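Listed here are the chains, written in short residue letters.
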Amino acid sequence: MSIELKKGIEQISKDKGFDRDMLIGMLEEAVRTSVTRKYGDDLDVEVHYSDDTGDIEVFQFKFVVEEVEDPLTQISLEEARQHDPSIQLDDEMGFRLKVEDLGRIAAQSAKQVIIQRMRDAEQELIYNEYKDRVGEIVSGMVQRRDKGGWVVNLGRTEALLPRDEQIPREHYKRNDRVQALIIEVRREGRGPQVIVSRSHRDYMAALFRREVPEVDDGSVQIMGVARDPGSRAKVAVLSRERDIDPVGACVGVRGSRIQNIVQELHGERIDIVVWNADIATYARNALAPAVVSSISVDESANLLEVTVPDDQLTNAIGRKGQNVKLAAKLLGWKIDIFSESRSGEGSGIGRGLEQVASVADISVDALVAAGFRSLGDLSSAADAELAEKLALGADRIADLRAALNFLSPVTEPDEASAVEEGE
């Protein structure tokens, strides 16, 4: 039994990565718990593991008294002197207990305590390992669907890929291999919960660090990321070295680097934007591929009024407003876009009206003629009024509502938190 116990400790320490002394301490505490459960908390015992023999030694201590009132904690002077003639009153005397005497129930209890302590220790090791890996890309195997998302086997533990952290329109099945970014590690009663994401903007930044050596070594810095996961993204970059082209470094020879990232994100289109301290220049870069005629900066309102040629309005706003929305998120500024033919009417027809008209595929003239001269007019109108004045069906009205919601002003900068810290 002692040899098996010794081998078991060595094997568990090796396989589970436990500190050997910690494992022995758990074993001693488990046996101590079983003894006190059987005999009561008043029993004074010490438990030691013998490294030489592999035995568990349990010692019970009793006080030497004239008259015994509690046999568990006391021994008479007469009986004590049979073991040690030099013993005196009030001395404490130790006796070795046989572990076998604990009985089958106590032994089983000790086993359960050991298992639980080992499980707790393993969970603590896993938590400490993964909490330091937040912001790191991990790879795992899709194991099963959970009510909150997909459970991914990472090897030592499981991770949860929540539904809202998945890329829309991506589908998984059991045993699919998937990569994701660790965004959080929670302490929970059943063990640490690792949360991973594929839609987080920091995941794209981590992919650039992995694929682009210049980003990894800091010579090219990612200043911000704005994503419409699975569809399109804008990544702002800045070169710290005069002779390094940040866009070229990120794209790679014949697009090799950017294509690796696009493939990992299943075709998500990525615009590389050169960051600039001048907000107007930065906005021109962010609104590409559209050509911009002029930009008016209103710092007090955190607003950019952008004028583009008439034939560039669609490009500037983008499909369903995506281009301007991503640009606004990247910059952290509100952006209103006007065509050159309407730029003089900007304040007259209300900011953003032309953008909503373009996204919803409705003529801005039709909106104005119907009495809708601002976003507020449109938002406050009932569906019946929109249907009557604009001759729209339910689907077109839904598109208009979506455009109003999608192009609502951006009021907070979309800071690149774990991306790369800017200056």
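Residues numbered from 1 in each chain as written. Predicted model: local features only at pLDDT ≥ 70, side-chain atom pairs only at ≥ 80, totals over all residues. Heavy atoms only, no water.

### Here we look at the nonpolar core
The biggest cluster of nonpolar side chains holds 29 residues, and the ones touching the most others in it are Leu304, Val306, Leu330, Leu331, Ile335 and Ile337. Sorting the residues of this core by element identifies strand 10 (220-228), strand 11 (232-239), helix 9 (279-286), strand 14 (303-308), helix 10 (313-317), helix 11 (322-331) and strand 15 (334-339) as the ones contributing at least two each. When residues of this core are assigned to their parent elements, the largest contribution, six residues, is made by helix 11. Dropping the residues within four chain positions of it, valine 306 is found in contact with Leu287, Val292, Ser294, Ile295, Ile335, Asp336, Ile337 and Phe338. (Core = buried A, V, L, I, M, F, W, Y, C linked by side-chain atoms within 4.5 Å. Buried < 20%, exposed > 50% of the residue type's maximum accessible area, 1.4 Å probe, protein only. Helix = DSSP H or I, 4+ residues; strand = E, 2+ residues; numbered from the N terminus. Contact = heavy atoms within 4.5 Å.)

### Things to note about the pattern of salt bridges
Counting across every chain of the model gives 19 salt bridges. Between glutamate 124 and arginine 187 there is a salt bridge, with its nearest N and O atoms 3.0 Å apart. Taken as a pair, glutamate 124 in helix 4 (residues 103-131) and arginine 187 in the loop between strand 8 (177-186) and strand 9 (193-197) lie far apart in primary sequence, 63 residues in all. For arginine 187, a relative accessible area of 53% translates into the label exposed. Residue glutamate 129 is joined to arginine 156 by a salt bridge in which the shortest nitrogen-to-oxygen separation is 3.0 Å. One end of the pair, glutamate 129, is in helix 4; the other, arginine 156, is in the loop between strand 6 (149-153) and strand 7 (158-162), with 27 residues separating them in the sequence. (Salt bridge = Lys/Arg side-chain N within 4 Å of Asp/Glu carboxyl O.)

### Topic: the packing of aromatic side chains
Each aromatic ring pair is summarised here by two numbers: the centre-to-centre distance and the angle between the ring planes. Counting across every chain of the model gives two aromatic pairs. Here tryptophan 150 and tyrosine 172 contribute two aromatic rings whose centre-to-centre distance is 6.2 Å and whose plane-to-plane angle is 75 degrees, an arrangement assigned as edge-to-face. Taken as a pair, tryptophan 150 in strand 6 and tyrosine 172 in the loop between strand 7 and strand 8 lie far apart in primary sequence, 22 residues in all. On the basis of relative accessible area, tryptophan 150 is assigned to the buried category, the value being 9%. One residue, lysine 62, lies across the ring of phenylalanine 95, its end atom 5.9 Å from the ring centre. The aromatic ring of tyrosine 127 is capped on one face by arginine 187, whose charged end is 3.9 Å from the ring centroid. (Phe/Tyr/Trp six-rings, centres within 6.5 Å; stacked < 30°, edge-to-face > 60°. Lys NZ or Arg CZ within 6 Å of the ring centre and 35° of its normal.)

### Considering the packing of helix 9 against helix 11
Where helix 9 meets helix 11, the axes come as close as 9 Å, and the angle between the chain directions of the two elements is 145 degrees. Where helix 9 crosses over helix 11, the handedness of that crossing is right-handed. For the pair formed by helix 9 and helix 11, the contact residues are Ile279, Tyr282, Ala283 and Ala286 on the first element and Asn323, Ala327, Leu330 and Leu331 on the second. Of the residues belonging to the contact of helix 9 with helix 11, the class tally is seven nonpolar, one polar and no charged. (Axes fitted to C-alpha atoms, helices over the stretch in contact; angles between N-to-C directions. Left-handed = near helix turned anticlockwise from the far one by under 90°. Nonpolar A, V, L, I, M, F, W, Y, C, P; charged D, E, K, R; others polar.)

### As for the pairing of strand 6
With four of five residues buried, strand 6 lies mostly within the body of the structure. Where strand 5 (residues 137-146) folds back onto strand 6 in an antiparallel hairpin, the turn is made up of two residues. Of the pairings in the sheet, the one linking strand 6 to strand 7 comprises five bridges and is antiparallel in character. When the sheet's bridge partners are listed, glycine 149 is paired in strand 7 with proline 162. (Pairing = 2+ DSSP bridges.)

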